Amino acid sequence: MADQQTEPRVSVDLPVRIWGMSAEGRPFSQSARAQSISVDGALLAGVEIQLKVGDVIGVQCGDKKTRCSVTWVMNAGASDKNQIGVKLVAAECPWQSSLPNDGTQVTFSSSNRRRYHRHKIALPLEVRDERSNAPLRINASDVSANGCYIESMQPLPLGTSLRVDFWLDSDHVKVTAMVRTYDPGVGNGIEFTGMPVATKQRMQTYLDSIDPQMRVAAPNGK
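Applying the stated criterion across every chain yields a total of nine salt bridges. For the salt bridge of Lys 52 with Asp 55, the shortest nitrogen-to-oxygen distance reads 3.2 Å. Take Asp 55: its relative accessible area is 11%, and that puts it in the buried class. A salt bridge links Arg 67 to Asp 142, with the shortest nitrogen-to-oxygen separation between them at 2.9 Å. With a gap of 75 residues between them, Arg 67 in strand 5 (residues 64-75) and Asp 142 in strand 8 (residues 135-144) connect regions that are remote in the sequence. Judged by relative accessible area, Arg 67 falls into the buried class, the value being 11%. Each of Glu 126, Arg 128 and Arg 137 takes part in salt bridges that share partners, so that together they form one network.

The structure is reproduced here in structure tokens:
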């Protein structure tokens, strides 16, 4: 459980908001407290709802939001409610400013193996489910030339085929896409499946150029 974590942790008492789907299959949104944090995860206390290991939830600290996977759950008694351990699964550490300023940035071995770097940038999209053709206008996050993440309390089913429209500066891009991940009460990971290589390269160059954090995660600032 908590003592099995190996990364350096800092004791804090930070207000956070969490949301997603409970173990009973009901959407929730509540306040909690982060009491032990690291670049990879946190211990969250005051959790009122029941969660289970493996659940993915949204976590917000200040104005920064991310997604986390529940790694352990413990009933801390009536006063403290539940405590949970969470591990970051998205490229954003919402409590980074509360960690020692030693230049350490959050890293993700799985996501770093992606061909294209993901950016925590709000990208306006128009998404259409090919079955209903009803448009959904939303800001995506964790964006790369391979795909993006969209937040939704009612995510689309895995394998849903989509048409996605967005703008890259003055270029209007229309691509097909597929829902690849499903996090109940949180959102979907979407893969762009119909984007030519040249368009992908142009999109990634554009994202790299507008992301102010691009150089922060690069080795030796390069």
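With 83% of its residues at a pLDDT of 70 or more, the protein chain has an overall mean of 83. Between the elements of the protein chain, mean pLDDT differs from a low of 88, seen in strand 8, to a high of 94, seen in strand 4 (residues 56-61). Contacts from residues 1-5, a stretch scored under 50 in pLDDT, to residues over four places away or in other chains number seven contacts. Low confidence marks residues 215-222, where pLDDT is under 50. Its contacts with residues over four positions away, or in another chain, come to three contacts.

Turning to the sheet that holds strand 7 (residues 123-129), a few remarks are in order. Strand order in this closed barrel of six strands is 7-8-9-12-11-10, and the pairing throughout is antiparallel. The average angle at which neighbouring strand axes cross in this sheet is 40 degrees, direction not considered. Note: strand 9 (residues 147-151) against strand 12 (residues 187-192), five bridges, orientation antiparallel. Each bridged residue has a counterpart across the sheet, and for Glu 151 the counterpart in strand 12 is Gly 187. Against the sheet, helix 1 (residues 197-210) engages strand 7, strand 8, strand 10 (161-168), strand 11 (171-183) and strand 12, with an angle of about 75 degrees to strand 8.

Reading around the circumference, 1-2-3-6-5-4 is the order of the six strands in this closed barrel, with antiparallel pairing throughout. When the angles between neighbouring strand axes are averaged without regard to direction, this sheet yields 45 degrees. Two elements, strand 2 (residues 27-37) and strand 3 (residues 41-47), share four bridges in a ladder whose sense is antiparallel. Looking across to strand 3, one finds that Arg 33 is bridged to Ala 45.

Among the nonpolar cores identified, the biggest contains 25 residues, and Ile 18, Leu 44, Ile 57 and Trp 95 are the most heavily contacted of them. Listed by contribution, the elements that provide at least two residues to this core are strand 1 (10-21), strand 2, strand 3, strand 4, strand 5 and strand 6 (82-88). With near-sequence residues (within four places) excluded, Ile 18 lies in contact with Phe 28, Ser 29, Gln 30, Ala 32, Leu 44, Val 47, Ile 57, Gly 58 and Val 59.

Here is what the cut-offs are and how they apply
- Residues numbered from 1 in each chain as written.
- Predicted model: local features only at pLDDT ≥ 70, side-chain atom pairs only at ≥ 80, totals over all residues.
- Heavy atoms only, no water.
- Salt bridge = Lys/Arg side-chain N within 4 Å of Asp/Glu carboxyl O.
- Buried < 20%, exposed > 50% of the residue type's maximum accessible area, 1.4 Å probe, protein only.
- Helix = DSSP H or I, 4+ residues; strand = E, 2+ residues; numbered from the N terminus.
- pLDDT = per-residue confidence, 0-100.
- Contact = heavy atoms within 4.5 Å.
- Pairing = 2+ DSSP bridges.
- Axes fitted to C-alpha atoms, helices over the stretch in contact; angles between N-to-C directions.
- Core = buried A, V, L, I, M, F, W, Y, C linked by side-chain atoms within 4.5 Å.

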